[in-house]
Amino acid sequence: DNHLQPAQALFVCDPALEDVPWVPYSPYETITFEGGDGIYGVLIRVRDAAGNYQEAAVGKAVTVDTTPPSNLGIIIDGGSGHTTSMMVTLNLSGEGVDFVKVGESSGLAGLPWMPFATEVPFNLSPGDGFKTIYALFKDEAGNASGELTSIVACDTVPPQNVGIVLNDGNPFTNQTDLTTTLALSGGEEGGQVVLSGDLQEAGDYIWPEVPTTVTLS
């Protein structure tokens, strides 16, 4: 019964369907929306070969979005620049973001998109050293961002062969207030040194900027 199949269809972006000519029916039609991003409506009316059609048109709305996410950012563990754990938290930000993918390989091929969240737990690859995290962002319309990166220094091994020599190694003194030498070893560049005890110089220091003389009192 071919006469029951739609023979012609009317596609229009304007509600005034009567002003638009009928065209041969096709299951697919190309429609051009003018005016940039926004929400557009489409009204469709079909008729059969005998010219029968319903007065009520079928309406659909579509959102045109050609703008990728913006104001994007990725920070690892709050931006400290280093971590002592293989498990870190990625702090993500952006506008118009619905999905994200992260990984340690540029391009992120084969990795799935996941719903966007401002905090994402991430397990670093084995081994200490500098780790680069890559991120891509995407919206519901499929507009994807360029690749973003962030670097963190992973160090899970404590300082080795730590040593301290006070008063040139002499464990005895006959002075109650003594200013003497302090020699430390085993520190790492940029690492933290905490001096405590009966020292006037007690406090936090960044290796190797530590006192070489201290006063005991």
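In case you missed it, the structure is sitting above this.
Now for a description of the structure that goes with this document. (Residues numbered from 1 in each chain as written. Predicted model: local features only at pLDDT ≥ 70, side-chain atom pairs only at ≥ 80, totals over all residues. Heavy atoms only, no water.)

As for the nonpolar core
Point 1. By size, the foremost hydrophobic cluster in this structure holds 17 residues, and its most contacted members are Leu-90, Leu-92, Phe-122, Leu-124, Ile-133 and Phe-137.
Point 2. At the level of secondary structure, the elements contributing two or more residues to this core comprise strand 5 (70-76), strand 7 (87-95), strand 8 (99-103), strand 10 (119-123), strand 11 (129-138) and strand 12 (148-154).
Point 3. Among all residues touching Leu-90, those that are not within four sequence positions of it are Ile-75, Ile-76, Val-102, Thr-118, Glu-119, Val-120, Phe-122 and Ile-133. (Core = buried A, V, L, I, M, F, W, Y, C linked by side-chain atoms within 4.5 Å. Buried < 20%, exposed > 50% of the residue type's maximum accessible area, 1.4 Å probe, protein only. Helix = DSSP H or I, 4+ residues; strand = E, 2+ residues; numbered from the N terminus. Contact = heavy atoms within 4.5 Å.)

Here's the deal with the layout of surface pockets
Point 1. Volume-wise, the largest pocket comes out at about 530 Å³.
Point 2. Forming the walls of the largest pocket are 22 residues, and the residues nearest its centre are Pro-159, Glu-188, Gly-190, Gly-191 and Gln-192.
Point 3. Secondary structure elements with two or more residues in the lining of the largest pocket: strand 6 (82-83), strand 13 (163-166), strand 14 (178-185) and strand 15 (192-195).
Point 4. Class assignment of the residues belonging to the lining of the largest pocket gives a composition of nine nonpolar, ten polar and three charged. (1 Å grid on protein atoms, 1.4 Å probe; cavity = no way out; pocket = protein on both sides within 12 Å on 5 of 7 lines; lining within 4 Å. Points joined across faces, edges and corners; volume = space filled by probe spheres on them. Nonpolar A, V, L, I, M, F, W, Y, C, P; charged D, E, K, R; others polar.)

As for the environment of Lys-131
Point 1. Tracing the sequence through the fold places Lys-131 in strand 11.
Point 2. The class of Lys-131 is buried, set by a relative accessible area of 7%.
Point 3. Taking C-alpha positions, Lys-131 is 51 Å from Pro-27, a pair spaced 104 residues apart along the chain.
Point 4. What Lys-131 contacts, discounting residues up to four positions off in sequence, is Glu-104, Leu-124, Ser-125, Pro-126, Ser-150, Ile-151, Val-152 and Cys-154.
Point 5. Among the polar contacts made by the side chain of Lys-131, one reaches the main-chain carbonyl oxygen of Gly-127 at a distance of 2.8 Å. (Polar contact = N/O pair within 3.5 Å; in protein donor to acceptor, adjacent residues only side chain to side chain.)

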